[in-house]
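# Geometric and topological summary
One-letter residues, chain by chain:
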Amino acid sequence: MPHVAFTRHLQRFFPTLAEGEVPGTTVREVIDELERRHPGFASYIADETGRLRRHVNIFVGEEPIHDRVRLGDALAPDARVFILQALSGG
Amino acid sequence: MSDQILLGTRKGTLILDRTAGRWTPRPIAHAGMSISYAARDPRDGTIWAAMDHAHWGPKLSRSKDDGATWENLTQLAYPKGARFVEQHLPTPDQTAEAPTTYKEAALLKVWVLAFGGKEQPGTIHAGTLPGGLFTSRDGGDTWELNRPLWSHESRGGDLFAGDATSRNEWGGTPAAMAYGEFVPGIHSIVVDPRDPDRIFVGVSCAGIIETRDGGKTWQGRNRGMLNDYLPNPEAAWGHDPHFVTQCPADPDRLWQQNHTGVFTSEDCGQTWKRVSEPDVAVHFGFPVAADDRDGQTAWVVPAKGDDERMAVGAGLFVARTVDGGATWQAFREGLPQEHAYDVVYRHALDARGDRVCFGSTTGNVYISEDRGETWRNVGHNFPPVHSVRFA
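Residues numbered from 1 in each chain as written. Chains lettered and ligands numbered in written order. Predicted model: local features only at pLDDT ≥ 70, side-chain atom pairs only at ≥ 80, totals over all residues.

## Digging into the overall build of chain A
The following threshold applies: Labels follow the DSSP assignment, with helices taken as runs of H or I lasting at least four residues and strands as runs of E lasting at least two, numbered in each case from the N terminus. Note on method: radius of gyration uses C-alpha positions; expected globular size equals 2.2 Å times residues raised to 0.38. Residue burial here comes from a neighbour count, namely the number of other C-beta atoms, placed from the backbone, that lie within 10 Å of the residue's own C-beta, with 20 or more meaning buried, 12 or fewer meaning exposed, and in between meaning partly exposed. We call two residues in contact when their backbone-placed C-beta atoms lie within 7 Å.
A tally of regular secondary structure across chain A gives two helices and five strands. Of the regular secondary structure in chain A, the N- to C-terminal order runs β-β-α-α-β-β-β. For chain A, the C-alpha radius of gyration of 12 Å lies close to 12 Å, the compact-globule estimate for 90 residues. Counting the 90 residues in chain A, one finds 27% classified as buried. At a minimum sequence separation of 6, the contacts of chain A that also span at least 24 residues come to 49%.

## As for the overall build of chain B
Along chain B, the regular secondary structure elements total one helix and 30 strands. Relative to the compact-globule value of 21 Å for 391 residues, chain B shows a C-alpha radius of gyration of 20 Å, a close match. Along the first, second and third principal axes, the C-alpha set of chain B runs to 60 × 50 × 45 Å. For chain B, the residues scored as buried account for 51% of the 391 residues in total.

## Focus on the environment of B:R332
Residues and elements named next belong to chain B. As for its placement among the helices and strands, R332 is situated in the loop between β25 (329-331) and β26 (349-352). Along the backbone, R332 and F286 are 46 residues apart, and their C-alpha atoms lie at a distance of 18 Å. Leaving out residues up to four positions away in the same chain, R332 has contacts with G315, F317 and Q337.

## A closer look at the pairing of strand β5 (residues 80-85) of chain A
All names here are of chain A. Put simply, the rule reads: A pair of strands counts as paired when DSSP detects no fewer than two bridges linking them.
Covered by surrounding structure in β5 are V81, I83 and Q85 only, the residues R80, F82 and L84 on the alternate face being uncovered. Here four bridges tie strand β1 (residues 3-6) to β5, and the two strands are oriented parallel to one another. Within β5, the position partnered with F6 by the bridge is I83. Note that strand β3 (residues 56-60) and β5 share five bridges and pair antiparallel. What sits directly across from F59, in β5, is F82.

## Regarding the pairing of strand β27 (residues 355-359) of chain B
Residues and elements named next belong to chain B. Most of β27 is tucked away: four of the five residues are buried. Taken together, the four bridges between β26 and β27 define a ladder with antiparallel strand orientation. Across the sheet, the residue bridging to L349 is F358, located in β27. In this antiparallel pair of consecutive strands, β26 and β27, the connection spans two residues, and G353 shows a positive phi of 60°. Sheet analysis places β27 next to strand β28 (residues 365-368), joined by four bridges and oriented antiparallel. Pairing of V356 across the sheet is with S368, part of β28. Counting the residues that bridge the hairpin from β27 to β28 gives five residues, and of these G363 lies at a positive phi of roughly 85°.

## Looking at the interface of chain B and chain A
One frequent convention defines the size of an interface as the accessible area lost when the parts assemble. Heads up, the condition is: Gly falls in the polar group here, along with every residue not listed as nonpolar (Ala, Val, Leu, Ile, Met, Phe, Trp, Tyr, Cys, Pro) or charged (Asp, Glu, Lys, Arg).
Between chain B and chain A, the residue contacts involve eleven residues of the former and 13 residues of the latter. Looking at the side of chain B that touches chain A residue by residue, the classes come out as six nonpolar, four polar and one charged.

## Overview of the domain arrangement of chain B
Residue and element names in this part refer to chain B. What counts is decided by this rule: All the domain ranges listed were derived from an automatic or database domain assignment.
Parsing chain B into structural domains produces domain 1 (1-65) and domain 2 (66-85 + 100-390). Once you take the C-alpha centre of each, domain 1 and domain 2 turn out to be 19 Å apart. Sorting the residues of the side of domain 1 that touches domain 2 by element identifies β1 (4-9), β2 (12-19), β3 (22-25), β4 (35-40), β5 (47-53) and β6 (57-63) as the ones contributing at least two each. Per-element tally for the side of domain 1 that touches domain 2: the top contributor is β6, with six residues.

## Things to note about the sheet that holds β26(B)
All names here are of chain B. The cut-off we apply is this: Axis geometry follows a simple rule: fit a line to the C-alpha atoms, using only the stretch in contact for helices, then measure angles between N-to-C directions, giving values from 0 to 180 degrees.
With antiparallel pairing, the four strands of this open sheet are ordered in space as β26-β27-β28-β29. Each having just a single partner strand, β26 and β29 (376-379) make up the two edges of the open sheet. Geometrically, the sheet is characterised by an average inter-axis angle of 20° between neighbouring strands, direction not taken into account.

What follows is the structure in structure tokens.
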């Protein structure tokens, strides 16, 4: 199951958000599961069309995801996913 | 008269309380977050803040306990299929007949909030980038895009159903450029106190649009407007209102600070006339405040523009008319008259009773308690101020 880590800045809005395993075979599925666990979470990561927000980055391993429009990047069972704010937004 | 002021600033929400004759800010709320607008619902006391977070996107926040705790809301969003005609900034290789292209709308900013009538508890309106009017009927829990305005013929018709069937007349606003886009925005929402189904919205850049049936149908209300930047200054569309407001005690009287001057209407928006007085530097600016009792009285904070967008002559002043715009008087006492580069944004001036308050891009907040004649500084070191509203 993919392992997901977050910037601590997201805990300001979701205090119970914690690094850990989240089921999903794509980045989108992981975000959908996080939305179920933390209602509203997805709207912080992506806009209502599903696109990754301009100043948010998601990495799988050390690579930024390729599909910022649909978040369709596939995840291996042992994938490590990082959800971070981009330096561009600061 | 109100003893509380809400500031929406680049770094959070500030609540100022008047105690023993002094205005004192509380510790900042939403620390570090840009707040595009903050206001209190006069019907139930809820305080609203429109958060404009650079990373995590625009969200609404509300406090039902006078600012002690806040709840962030994520429901305000465009429905699937809400498309708009894309605006393209001119480029050197642009062809004259570029094909119409469409874009799926995503919320960039909640620019303004307005509260429904006394008889409509829980009804709240929000004006957004790109060019949306949203309404909540349940106190902000759920929001719905006003489809008749979104699909108005001035925007190309119903783009949910297919491609444009009419010409898009809504242009982009420079206020959207911070988001890397060039889209229209709704910055003014006026709910008529006599009939909350009668609503005016101000659009940059298109003009003023009115509904008399609670948002089912909309008509442009730009007769008498003059746009000096168009070959036909009296065009039906293409106007750039910066802010529009209404006198609550004389609701047929509307005021509009426009890119091309100050305008007023005595017939509830059906016709407008320009009442600028460039000789006393009343012409360009962003905000206008209507007196809440006298329809003849309004305040503006002029700027040198639109080439400089600074205080006129580096001296800050507020201008007031008491005769419906026929004449204006400038008031400078208590305001800096040297090296002042402050600009006052469209939502950053408000009047209530004898009190008038404004905040500037330079983080200065000034208040007058004698109808704008003399001014006192409330603080020099606030973040850039986006909105000022008496609570």
